[in-house]
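So the chains spell out like this:
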Amino acid sequence: MDHNVSKNARLLRICCTTVLSVIAVFWLIPIAWVIVNSFKTNLEFSTSFTNIHSVGEYLKAVFPDRLNFSTYVSLFTGEGMSTTTGILKMITNSVIISVTRTAVVVFTTSLAAFSFERLRFPAGDKIFWAVFFISLIPSSASTLPLFKICNAFGWVNDINALIWPGCVSIMNIFLIRNFLVGIPKELDEAARIDGAGSFQIFLRIICPSIKPVLMIVALGAFQGAWNDYYWPSIVMTDPKNQTLTSGLAQLQNQLGTSQFASMLASTVISMILPFVLYLVCQKYFLQGIKIQAAVKG
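Since the structure is predicted, the reported quantities are computational estimates derived from the model, not experimental observations. (Residues numbered from 1 in each chain as written. Predicted model: local features only at pLDDT ≥ 70, side-chain atom pairs only at ≥ 80, totals over all residues. Heavy atoms only, no water.)

> Account for the packing of helix α10 (residues 186-193) against helix α11 (residues 198-209), with residues named and values stated.
Two elements in contact, α10 and α11, have axes whose closest approach is 10 Å; the angle formed by their N-to-C orientations is 125 degrees. In terms of their interaxial angle, α10 and α11 are classed as oblique. Taken as a pair, α10 and α11 cross one another with a handedness that is right-handed. Within the contact between the two elements, α10 uses Leu 187, Asp 188, Ala 191 and Arg 192 and α11 uses Ser 198, Ile 201, Ile 205 and Ile 206. For the contact of α10 with α11, the per-class residue count stands at five nonpolar, one polar and two charged. (Axes fitted to C-alpha atoms, helices over the stretch in contact; angles between N-to-C directions. Helix = DSSP H or I, 4+ residues; strand = E, 2+ residues; numbered from the N terminus. Parallel < 35°, antiparallel > 145°, perpendicular 65-115°, else oblique. Left-handed = near helix turned anticlockwise from the far one by under 90°. Contact = heavy atoms within 4.5 Å. Nonpolar A, V, L, I, M, F, W, Y, C, P; charged D, E, K, R; others polar.)

> Residues and numbers for helix α15 (residues 260-280), please.
An α-helix turns once per 3.6 residues; consequently, residues spaced three or four apart project the same way. Over its 21 residues, α15 extends 31 Å from the first C-alpha to the last, a length consistent with the 30 Å expected when each residue adds 1.5 Å. Largest kink in α15: about 30 degrees, centred on Ile 272, with the proline Pro 274 one to four residues after it. Listed in full, the buried residues belonging to α15 are Ala 261, Ser 262, Met 263, Leu 264, Ala 265, Ser 266, Val 268, Ile 269, Ser 270 and Pro 274. (Expected span 1.5 Å × (residues − 1). Bend = angle between axes of the 7 residues up to and from the residue. Buried < 20%, exposed > 50% of the residue type's maximum accessible area, 1.4 Å probe, protein only.)

> Explain the layout of surface pockets residue by residue, including any values.
For the largest pocket, the calculated volume is near 990 Å³. Lining the largest pocket are 32 residues, and of these Ser 139, Pro 165, Gly 166, Val 168 and Ser 169 lie nearest its centre. Of all the secondary-structure elements, those providing two or more residues to the lining of the largest pocket are α5 (87-118), α6 (124-134), α7 (143-152), α8 (160-163), α9 (170-180), α12 (211-227) and α13 (230-235). Of the residues contributing to the lining of the largest pocket, the split by class is 21 nonpolar, nine polar and two charged. A volume near 490 Å³ is recorded for the second largest pocket. A total of eight residues in the lining of the second largest pocket trace back to one element, the largest contributor, which is α15. The class makeup of the residues in the lining of the second largest pocket is 15 nonpolar, five polar and no charged. (1 Å grid on protein atoms, 1.4 Å probe; cavity = no way out; pocket = protein on both sides within 12 Å on 5 of 7 lines; lining within 4 Å. Points joined across faces, edges and corners; volume = space filled by probe spheres on them.)

> Which residues make up the nonpolar core, and what values do they have?
If you look at the biggest cluster of nonpolar residues, it comprises 28 residues, and the most contacted ones within it are Ile 176, Leu 180, Ile 206, Ile 210 and Val 217. Counting only elements with at least two residues in this core, the list comes to α5, α6, α9, α11 and α12. Of all the elements, α12 adds the most residues to this core, at seven residues. With residues up to four places along the chain from it excluded, the contact list for Val 217 reads Val 105, Val 106, Thr 109, Asn 172, Leu 175 and Ile 176. With 17 residues, the next largest nonpolar core counts Met 90, Phe 222, Leu 244 and Val 268 among its residues. (Core = buried A, V, L, I, M, F, W, Y, C linked by side-chain atoms within 4.5 Å.)

> Quick rundown of the side chain of Arg 118? Include the residues and the values.
Residue placement: Arg 118 occurs in helix α5. Of note is the side chain of Arg 118, whose polar atom sits 2.7 Å from the backbone oxygen of Ile 183. If we ignore the near neighbours within four places in the chain, the residues touching Arg 118 are Leu 180, Ile 183, Pro 184, Lys 185, Asp 188 and Ile 206. (Polar contact = N/O pair within 3.5 Å; in protein donor to acceptor, adjacent residues only side chain to side chain.)

> Tell me what's going on with a nonpolar patch on the surface, and back it up with residues and numbers.
A cluster of nonpolar side chains, contributed by Ile 272, Phe 275, Val 276, Leu 279 and Val 280, occupies part of the molecular surface with about 500 Å² of accessible area. Summarising the element assignment, Phe 275 is placed in helix α15. (Patch = residues over 30% accessible without salt bridge, like charges linked within 9 Å, V, L, I, M, F, W, Y side chains within 5 Å. Areas by Shrake-Rupley, 256 points an atom, 1.4 Å probe, with all protein chains shown as cover. Salt bridge = Lys/Arg side-chain N within 4 Å of Asp/Glu carboxyl O.)

> Can you explain the packing of aromatic side chains? Please cite residues and give values.
Enumeration over the complete set of coordinates arrives at 17 aromatic pairs. Considering the side-chain rings of Trp 33 and Phe 45, the 6.1 Å spacing of their centres and the 80 degrees angle between planes classify their relative orientation as edge-to-face. Separated by twelve residues along the polypeptide, Trp 33 in helix α1 (residues 2-37) and Phe 45 in helix α2 (residues 42-48) bring together distant segments of the chain. On the basis of relative accessible area, Phe 45 is assigned to the buried category, the value being 11%. With 6.1 Å between their ring centres and 65 degrees between their planes, Trp 129 and Phe 174 make a pair best called edge-to-face. Of the two residues, Trp 129 is situated in helix α6 and Phe 174 in helix α9; the sequence distance between them amounts to 45 residues. (Phe/Tyr/Trp six-rings, centres within 6.5 Å; stacked < 30°, edge-to-face > 60°.)

> Tell me what's going on with empty space enclosed by the protein, and back it up with residues and numbers.
The final tally for this structure, using the stated rule, is one cavity of 30 Å³ or more. As for the largest cavity, its lining consists of Ser 94, Ile 97, Ser 98, Arg 101, Leu 162, Ala 225, Trp 226, Asp 228, Pro 232 and Thr 243. Going through the elements one at a time, α5 and α12 are the ones with two or more residues in the lining of the largest cavity. At four residues, the largest contribution of residues to the lining of the largest cavity is made by α5. Here the residues of the lining of the largest cavity are counted per class, giving five nonpolar, three polar and two charged.

This is how it looks when you write it as structure tokens:
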């Protein structure tokens, strides 16, 4: 009986691995296509896919005749960009905004979750659920009021407009709050007996205990800020203040298909930092997936 169960479990694992491998291959093919073609010159890319009559010819045309880094070099020297904003400036803007917003989101959401879960105040649960349901309103519905507010504060074409409107995430508060349920409250009580205040308990006891979920919140916040296109393209009207994502869209309109290899190279550059970040924080990311699964379960 045990042998049959073990055999069935092994067979199920093989089937799941096979299916996931096939899905991964189809998911990676477009990314690999972008990376490989980014090492072509603009002229080579524009001519490589002409007169294709078979799959074999297409596969041969995908790969460059030789690795060419000129498209990458031209992006940083400005020769491959017909825009007043260099890619280094775009990257700098994106890094500043993403790092700052991530730090603010982690602090505000963790502190709010701690307050809702550990500190008792009148109508605390009602306030939480009221804010939760308000957050379900589509973000596009708040675009105009948010732009009016930023304009009143003088934040149009200012990085403050990309940091503070996104400094709180109710879904992350919900996630951290549910994670806090599993941390014994006796730790808080012991700290209070020793004379610790609420903020000291939050910093010295709660934050170290919820490090995995804070890391997944940080990764999500960084990715959201880094890949944000809709809001920066609205509030950042000056090309010199563009972030990388919205700047690449602007670059695509200016370069056109004649310099498509430069567009692919800039896309690859935009993927590097988030990819490295996920590699470094992979352990916490996997823990965060388990946490999210446990919360949903």
